[in-house]
Amino acid sequence: MSAHALNDPAKVIDIPDDLESILHVFVYIATRFLPHNADDETVLRLLYYYFDDYSDAASGFKCGATKFIAMMWGQIPLNLLSTRHPRSSLGQQKYEALEFYFSPENPSAKSHTYHPIHHLITTLLEWFSDFYSLDLTSTATKDVEDDALIADIPDDLLEELYQVPSDDEVSPAKPTHTAEIRLPSSEEVVKIRAKVEGHSRMRGLFKDALLDREKWPRFDKGTDKKPPAGFVRATQ
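Residues numbered from 1 in each chain as written. Predicted model: local features only at pLDDT ≥ 70, side-chain atom pairs only at ≥ 80, totals over all residues. Heavy atoms only, no water.

Enquirer: Looking at this model, I keep getting lost on the overall build of the chain. Mind explaining?
Expert: When its secondary structure is counted, the chain shows eight helices and two strands. Scanning the chain from its N terminus toward the C terminus, one meets helices and strands in the order α-α-α-β-β-α-α-α-α-α. The buried share of the chain, taken over its 236 residues, is 31%. Within the chain, contacts between residues at least 6 apart in sequence are counted, and of these 65% link residues at least 24 apart. Roughly 16,100 Å² of accessible area belongs to the chain as shown, and the carbon and sulfur atoms make up 55% of that amount. (Helix = DSSP H or I, 4+ residues; strand = E, 2+ residues; numbered from the N terminus. Buried < 20%, exposed > 50% of the residue type's maximum accessible area, 1.4 Å probe, protein only. Contact = heavy atoms within 4.5 Å. Areas by Shrake-Rupley, 256 points an atom, 1.4 Å probe, with all protein chains shown as cover.)

Enquirer: Got a minute to help me understand the nonpolar core in this structure?
Expert: What tends to happen in soluble globular proteins is that the nonpolar side chains get buried as a cluster. One finds Leu 23, Met 71, Ile 76, Ile 121 and Phe 128 to be the most contacted residues of the largest nonpolar core, which totals 37 residues. No other element matches the nine residues that helix H5 (residues 116–133) contributes to this core. If near-sequence neighbours (up to four positions away) are discounted, Leu 23 is found in contact with Met 71, Ile 121, Leu 124, Leu 125 and Phe 128. (Core = buried A, V, L, I, M, F, W, Y, C linked by side-chain atoms within 4.5 Å.)

Enquirer: Before we go on, may I ask you to explain the packing of aromatic side chains in this structure?
Expert: By convention here, two paired aromatic rings are described through the distance between centres and the angle between planes. In the structure shown here, the tally under the stated rule is nine aromatic pairs. An angle of 50° between the planes, with centres 5.5 Å apart, marks the rings of Phe 26 and Phe 206 as tilted. Of this pair, Phe 26 sits in helix H2 (residues 15–33) while Phe 206 is found in helix H8 (residues 200–211), placing the two residues 180 residues apart along the sequence. With 5.0 Å between their ring centres and 85° between their planes, Tyr 28 and Phe 51 make a pair best called edge-to-face. With Tyr 28 in helix H2 and Phe 51 in helix H3 (residues 40–51), this pair connects stretches of sequence that are 23 residues apart. Classification of Tyr 28 by relative accessible area gives partly exposed; the value is 24%. The exposure class of Phe 51 is partly exposed, given its relative accessible area of 22%. Counting every residue linked through ring pairs, the aromatic cluster contains Tyr 28, Tyr 50 and Phe 51. (Phe/Tyr/Trp six-rings, centres within 6.5 Å; stacked < 30°, edge-to-face > 60°.)

Enquirer: I keep staring at the pairing of strand E2 (residues 60–63) and nothing clicks. Help me out?
Expert: Taken together, the four bridges between strand E1 (residues 54–57) and E2 define a ladder with antiparallel strand orientation. Each bridged residue has a counterpart across the sheet, and for Tyr 54 the counterpart in E2 is Cys 63. Counted between consecutive antiparallel strands, the loop separating E1 from E2 contains two residues. (Pairing = 2+ DSSP bridges.)

Enquirer: What is the right way to read the packing of H2 against H3 from this model?
Expert: When two helices pack together, you describe them by how their axes are tilted relative to each other and by the distance separating the axes. Interaxial distance between H2 and H3 falls to 11 Å at its minimum, and their mutual angle equals 165°. Taken together, the axes of H2 and H3 are roughly antiparallel relative to one another. The interaxial crossing formed by H2 with H3 has left-handed handedness. The segment H2 lies against H3, with His 24, Val 27, Tyr 28, Thr 31 and Arg 32 engaging Val 43, Leu 46, Leu 47, Tyr 50 and Phe 51. Of the residues belonging to the contact of H2 with H3, the class tally is seven nonpolar, two polar and one charged. (Axes fitted to C-alpha atoms, helices over the stretch in contact; angles between N-to-C directions. Parallel < 35°, antiparallel > 145°, perpendicular 65-115°, else oblique. Left-handed = near helix turned anticlockwise from the far one by under 90°. Nonpolar A, V, L, I, M, F, W, Y, C, P; charged D, E, K, R; others polar.)

Enquirer: So what exactly am I meant to see when it comes to the pattern of salt bridges here?
Expert: Side chains that carry opposite charge are capable of pairing whenever their charged atoms lie near each other. Following the criterion strictly, the structure yields six salt bridges and no others. When the shortest N-O distance is used, the salt bridge between Lys 11 and Asp 14 registers 3.2 Å. With a relative accessible area of 23%, Lys 11 lands in the partly exposed category. Residue Asp 14 is classed as partly exposed on the basis of its relative accessible area of 34%. The closest approach of N and O atoms between Glu 41 and Arg 45, which form a salt bridge, is 2.9 Å. Placement of both Glu 41 and Arg 45 in helix H3 is noted, with a separation of four residues, approximately one turn of the helix. (Salt bridge = Lys/Arg side-chain N within 4 Å of Asp/Glu carboxyl O.)

Spelled out as structure tokens, the structure:
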């Protein structure tokens, strides 16, 4: 079920919801049977938190965080679920998203050959992420005009702050009272909606992928990675 439908029980199911459900079926089957960069313990949690989890909101149960993040970001993050914690040269934990491989490989390898379904899933995630971005709204799109609402910061303190040296090559601009979210233009909205509000774009994506037969491995289905006992959520 789509994240939109899970977040709004009264929603009338439409074409984007149905097409998004196809994406989730792809993710579910591919996670269970195809090579990817999630180990068994991560798969155990991913299947639960992506497909079965929910958010206990004040207005009722809603979409689980992992699926909702995937729809908003256009990637399926593994960091909060994985037992692996690779680090960057700066010592920070690297961001890791779900990837599907042509054949079983070392997840820590520097490069991989991706399974064709990886392109399908990442493309659809990108389309739906753009579609979900249309949900964003901005209610603070101009400067505050009423000076009585602005904090009264002493002028001498402001001057001292502007004299503080900065390591940035570009001097920081004076602060404004604008909190603006960039919203897509009307032309961008039309293009975004066209990808998921009809069947033709997804049908074309599938057709192109299937006609490129040389990229599809013959024996790609592996053993089922879903544990028979399922996942029991920790209580503490």
